[in-house]
Amino acid sequence: ATGLEGVTLSGFMTAGATYADRQLLTNSNAVSQDGSIESTPGFTADSRLGVQISAKVNQDISITGQLLAKAREDNSNVKADWAFVTYRVNDPLSIRAGKIKFPTFLISDYYEVGYAYPWIRPPQEVYSLNPISALNGLDMLAKLRFGDMTLLFQPYFGVSRGATTVAPQEALSALGQAAGSIYNVGFTADELHGFNLSLSSDIFAVRLGALKTQVNASSLGVFSDEAKFSSAGVTMDWKNIVLYSELAKREIEGSANFAFPNQKASYAT
């Protein structure tokens, strides 16, 4: 990282190669459900490059932006992964507005930074349950310190645009797609609101959160169906022991449940 007149520049890069010795889907080389891993060698599943820029406007206002290029998306086109303004009300309280990383998991803030967690990729059984990665809106960060521990309360409100998820195989025929194919469903989320609560120290972190939103997917005839998501997790890094564990639950009402079925998942590392 480098600093120049209140501007800080940092970045990260992950390069990964994948190969599977056989294909599972009938009409493509794809092996994984989302099509990112194929039965031919490839570098698109995990390779990505990010650059983060932070600028301090004055003592209380700062601007943060992160540009991200993922090999698997649109031939590595660069997009703004973060873009928000932070206003520090006082020492424990800040308000952010703009495009904010969505705080639904233990590693939401650094999900794209491959060297920041112990896996090749985060466990998809849990992390695929919420395909929304960024919130267009505002949140509040209230931090309270208790000795060596920090309590964070983070309520948020906004919308999501441009998120996609892989349609279940059971829904393909109704969508006019062949069985065994990969079909991404685009959707939006309105009136998205929830909270993130965490307690952390230098050794451990415990978090829980919940959200509610209205899902719209015009290709499926889905309009304003209610969706709920909740998750909890714990991580510890003590001497030679590293622990991660999370559980998550997704509840979808109405016709949206056809493409976004109710699911529960958990993992332990």
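Definitions and cut-offs
Residues numbered from 1 in each chain as written. Predicted model: local features only at pLDDT ≥ 70, side-chain atom pairs only at ≥ 80, totals over all residues. Heavy atoms only, no water. Phe/Tyr/Trp six-rings, centres within 6.5 Å; stacked < 30°, edge-to-face > 60°. Helix = DSSP H or I, 4+ residues; strand = E, 2+ residues; numbered from the N terminus. Buried < 20%, exposed > 50% of the residue type's maximum accessible area, 1.4 Å probe, protein only. Lys, Arg positive; Asp, Glu negative; His and termini not counted. Salt bridge = Lys/Arg side-chain N within 4 Å of Asp/Glu carboxyl O. Contact = heavy atoms within 4.5 Å. 1 Å grid on protein atoms, 1.4 Å probe; cavity = no way out; pocket = protein on both sides within 12 Å on 5 of 7 lines; lining within 4 Å. Points joined across faces, edges and corners; volume = space filled by probe spheres on them. Nonpolar A, V, L, I, M, F, W, Y, C, P; charged D, E, K, R; others polar. Pairing = 2+ DSSP bridges. Patch = residues over 30% accessible without salt bridge, like charges linked within 9 Å, V, L, I, M, F, W, Y side chains within 5 Å. Areas by Shrake-Rupley, 256 points an atom, 1.4 Å probe, with all protein chains shown as cover.

*Asks:* Even after reading the chapter, I still don't get the packing of aromatic side chains, so can you show me in this structure?
*Replies:* Each aromatic ring pair is specified by the distance between its two centres and by the angle formed by the two planes. If you walk through the whole model with that rule in mind, you get nine aromatic pairs. Each member of the aromatic cluster is reached from another via a ring pair, and the members are Phe 105, Tyr 111, Tyr 127 and Phe 229.

*Asks:* I keep staring at the side chain of Asp 225 and nothing clicks. Help me out?
*Replies:* With respect to the element layout, Asp 225 can be found in strand β11 (residues 222-238). Summary of buried charges: Asp 225 has no salt-bridge partner, and the nearest side chain of opposite charge, Arg 250, is 12 Å away. Ignoring sequence-local partners within four residues, the contact set of Asp 225 consists of Thr 213, Gln 214, Val 215, Glu 253, Gly 254, Ser 255 and Ala 256.

*Asks:* Help me understand empty space enclosed by the protein, please; the structure alone is not making it clear to me.
*Replies:* A probe matching the size of a water molecule, rolled over the atoms, marks out where space remains unfilled. Applying the stated rule across the entire model yields three cavities of 30 Å³ or more. Reported here for the largest cavity is a volume of approximately 170 Å³. As for the largest cavity, its lining consists of 16 residues, and the residues nearest its centre are Asn 130, Ile 132, Ala 227, Arg 250 and Ile 252. Elements supplying a minimum of two residues to the lining of the largest cavity: β9 (184-200), β10 (204-217), β11 and β12 (241-252). Across the lining of the largest cavity, the residue classes break down as eleven nonpolar, two polar and three charged.

*Asks:* Before we go on, may I ask you to explain the pairing of strand β4 (residues 61-70) in this structure?
*Replies:* In the case of a regular strand, side chains alternate between the two sheet surfaces. Inspection of the sheet shows strand β3 (residues 48-56) paired to β4 by nine bridges, in the antiparallel sense. By the bridge assignment, Lys 56 is partnered in β4 with Ser 62. Here β3 hands over to β4 after four residues, the two strands then running antiparallel side by side. Where β4 lies against strand β5 (residues 78-90), nine bridges are found, and the strand directions are antiparallel.

*Asks:* Which parts of the structure should I look at to understand a nonpolar patch on the surface?
*Replies:* Together, Val 7, Leu 9, Val 51, Ile 53, Leu 67 and Val 78 make up a nonpolar patch on the protein surface, roughly 450 Å² of accessible area in all. When residues of the nonpolar patch are traced back to their parent elements, those giving at least two are β2 (7-14) and β3. Note that Ile 53 resides in strand β3. Residue classification places Ile 53 among the partly exposed residues on the basis of a relative accessible area of 39%.

*Asks:* Even after reading the chapter, I still don't get the pattern of salt bridges, so can you show me in this structure?
*Replies:* Side-chain pairs of opposite charge can arise whenever the charged atoms involved come near each other. Overall, the coordinates contain ten salt bridges when judged by the stated rule. We note a salt bridge from Arg 121 to Asp 46, for which the minimum N-O separation is 2.5 Å. One end of the pair, Arg 121, is in the loop between β6 (93-101) and α1 (124-127); the other, Asp 46, is in the loop between β2 and β3, with 75 residues separating them in the sequence. Note on Arg 121: relative accessible area 32%, which makes it partly exposed. Taking the relative accessible area as the measure of exposure, Asp 46 reaches 9% and is therefore buried. A salt bridge links Arg 96 to Asp 139, with the nearest nitrogen and oxygen atoms 2.7 Å apart.

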